[in-house]
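# Observations on chain architecture
Listed here are the chains, written in short residue letters.
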Amino acid sequence: MIDRPVGDVLKGKSSPNLLSVASTATVLEAVALMDEKGLGSVLVRDSGGKMVGIFTERDLMRRVVRQGRDPKSTPMSAVMSPDVRQVPATESIVEVLRIMVEHGYRHMLVAEGAKPAGVVSIRDLMSWLILIAVLVSAINATVRYLVSSSSNAWLELQWYLFSATFLLVAPW
């Protein structure tokens, strides 16, 4: 399942995380939005609406708190991470994880064509992989149980396989 496209992870999120703030917004405004939405990052756009960066919890710690900047007066343009790396929604989950680990990214912009589709975090990807592993393990255990203990094993097995397939393809 790690060869699935990262776009599948976006489909499973309740929000694709495309929130943005202006590059002139203050750190305080961005952090308030991130806190309100329960997100670890926010995209930063210029006055023309073009995406020019991303601001993350790591940026907050390294570029604001550690440097003693005032969140009420510091503009996003001074503390954001510019030149956001992005991957196509068709890129495999394992490749996106590789890029994130290799470069130390915790958030990755996912695009459909030239248009941003959402942001995935390393937590999103790991949760996806853990869910798949749990489902596969449960299916294996169920198959072993049904085949060894039930006269209606075939019917029960078909039902469990149908249910597991639904869980794997449902847009969570």
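Read on for an overview of the structure. (Residues numbered from 1 in each chain as written. Predicted model: local features only at pLDDT ≥ 70, side-chain atom pairs only at ≥ 80, totals over all residues. Heavy atoms only, no water.)

### Looking at the pairing of strand 7 (residues 115-121)
Short version of the rule: The cut-offs for exposure are 20% and 50% of the maximum accessible area for each residue type, with area from a 1.4 Å probe on protein chains only; residues under the lower value are buried, those over the upper are exposed, and the others partly exposed. For helices the rule is a DSSP run of H or I covering at least 4 residues; for strands it is a run of E covering at least 2, with both sets numbered from the N terminus onward. Any two strands with at least two DSSP-identified bridges between them are counted as paired.
Counting buried residues along strand 7, 5 of its 7 residues qualify, which places the element largely inside the surrounding structure. Two elements, strand 6 (residues 107-112) and strand 7, share 6 bridges in a ladder whose sense is antiparallel. Considered in strand 7, the bridge of Ala111 is made with Pro116. Taken together, strand 6 and the strand that follows it, strand 7, pair antiparallel across an intervening segment of 2 residues, in which Gly113 is found at a positive phi of about 70°.

### Looking at the sheet that holds strand 1 (residues 20-22)
To summarise the sheet geometry, strands pair through backbone hydrogen bonds and adopt either a parallel or an antiparallel arrangement. Quick reminder of the rule: Any two residues whose heavy atoms approach within 4.5 Å are treated as being in contact. Helix axes are fitted only over the stretch in contact, all axes being lines through C-alpha atoms; the angle between N-to-C directions runs from 0 to 180 degrees.
Taken in spatial order, the 4 strands line up as 1-2-3-4 in an open sheet, and their pairing is mixed. Each of the sheet's edge strands pairs with one partner strand only, and the pair in question is strand 1 and strand 4 (81-82). One ladder, built from 2 bridges, connects strand 3 (residues 51-56) with strand 4; its direction is antiparallel. Along strand 4, the bridge assignment pairs Gly53 with Pro82. Of the strands in this sheet, strand 1, strand 2 (41-45) and strand 3 are in contact with helix 2 (residues 27-37), which crosses strand 3 at around 70°.

### Topic: the pairing of strand 3
Taken across its 6 residues, strand 3 has 5 buried, putting it largely inside the fold. Note that strand 2 and strand 3 share 5 bridges and pair antiparallel. Opposite Arg45, over in strand 3, you have Met51 as the bridge partner. Here strand 2 folds back onto strand 3 in antiparallel fashion, the turn holding 5 residues, of which Gly49 has a positive phi close to 90°.

### Section: the layout of surface pockets
Stated formally: The method works on a 1 Å grid over the protein atoms by themselves. A cavity is a set of points holding a 1.4 Å probe that cannot get out, a pocket is an open set with protein on both sides within 12 Å along at least five of seven lines, and residues with an atom within 4 Å of a point line them. Grid points are joined across faces, edges and corners, and a volume is the space filled by probe spheres set on the points. Amino acids are sorted into nonpolar (Ala, Val, Leu, Ile, Met, Phe, Trp, Tyr, Cys and Pro), charged (Asp, Glu, Lys and Arg) and polar (every other residue, Gly among them).
Taken as a whole, the second largest pocket encloses approximately 320 Å³ of empty space. As for the second largest pocket, its lining consists of 16 residues, of which Ile54, Thr56, Asp59, Ser81 and Tyr105 are closest to the centre. When residues of the lining of the second largest pocket are traced back to their parent elements, those giving at least two are strand 3, helix 3 (57-65) and strand 4. In terms of residue count, helix 3 provides more of the lining of the second largest pocket than any other element does, 4 residues in total. Classifying every residue of the lining of the second largest pocket by side-chain character gives 4 nonpolar, 5 polar and 7 charged.

That is the geometry; function is a separate question.
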